[in-house]
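Below, each chain spelled out in residue letters.
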Amino acid sequence: MPRMKNPTWPKAFAFIGLTIMGLALAYYSTTIATAGVGGFVFGTDRSGDVLSVGSAFVMVGVAMAAVFGFLALTQIRALGRRA
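Before going into details, it helps to say that this report is about the structure given with it. Predicted model only: the values in this text are computed from it and were never measured. (Residues numbered from 1 in each chain as written. Predicted model: local features only at pLDDT ≥ 70, side-chain atom pairs only at ≥ 80, totals over all residues. Heavy atoms only, no water.)

**Let's talk about the packing of aromatic side chains**
And step 1. A full pass over the atoms with the stated rule returns three aromatic pairs.
And step 2. Relative to F68, the ring of F15 lies with its centre 6.0 Å away and its plane at 20°, an arrangement referred to as stacked. Remark: F68 occurs in helix α2 (residues 49-82) and F15 occurs in helix α1 (residues 9-42); sequence separation between them is 53 residues. (Phe/Tyr/Trp six-rings, centres within 6.5 Å; stacked < 30°, edge-to-face > 60°. Helix = DSSP H or I, 4+ residues; strand = E, 2+ residues; numbered from the N terminus.)

**Some points on a nonpolar patch on the surface**
And step 1. On the surface, I32, V50, V53, F57 and V60 cluster together to form a nonpolar patch covering roughly 360 Å² of accessible area.
And step 2. Top element by residues in the nonpolar patch is α2. It accounts for four residues.
And step 3. Structurally, the position occupied by I32 is in helix α1.
And step 4. Since its relative accessible area comes to 33%, I32 is described here as partly exposed. (Patch = residues over 30% accessible without salt bridge, like charges linked within 9 Å, V, L, I, M, F, W, Y side chains within 5 Å. Areas by Shrake-Rupley, 256 points an atom, 1.4 Å probe, with all protein chains shown as cover. Salt bridge = Lys/Arg side-chain N within 4 Å of Asp/Glu carboxyl O. Buried < 20%, exposed > 50% of the residue type's maximum accessible area, 1.4 Å probe, protein only.)

Have a look at this one:
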């Protein structure tokens, strides 16, 4: 990927934005998982699908935040070395 070799501030800010989106996804997925626990307890979701989906989205959100956070930091680090 030759475009990643040229660090710019817009790329760094884009990665920071995607990191925040990943954290927001992980945060709001806890609501889905909590609703899944409630549905399982009250018998409206007998198979526990909502809990599984909420847990999967928490993992995806955390992974997304980690990857894009790392990419943002590498961009900022390269910009600092260039200056």
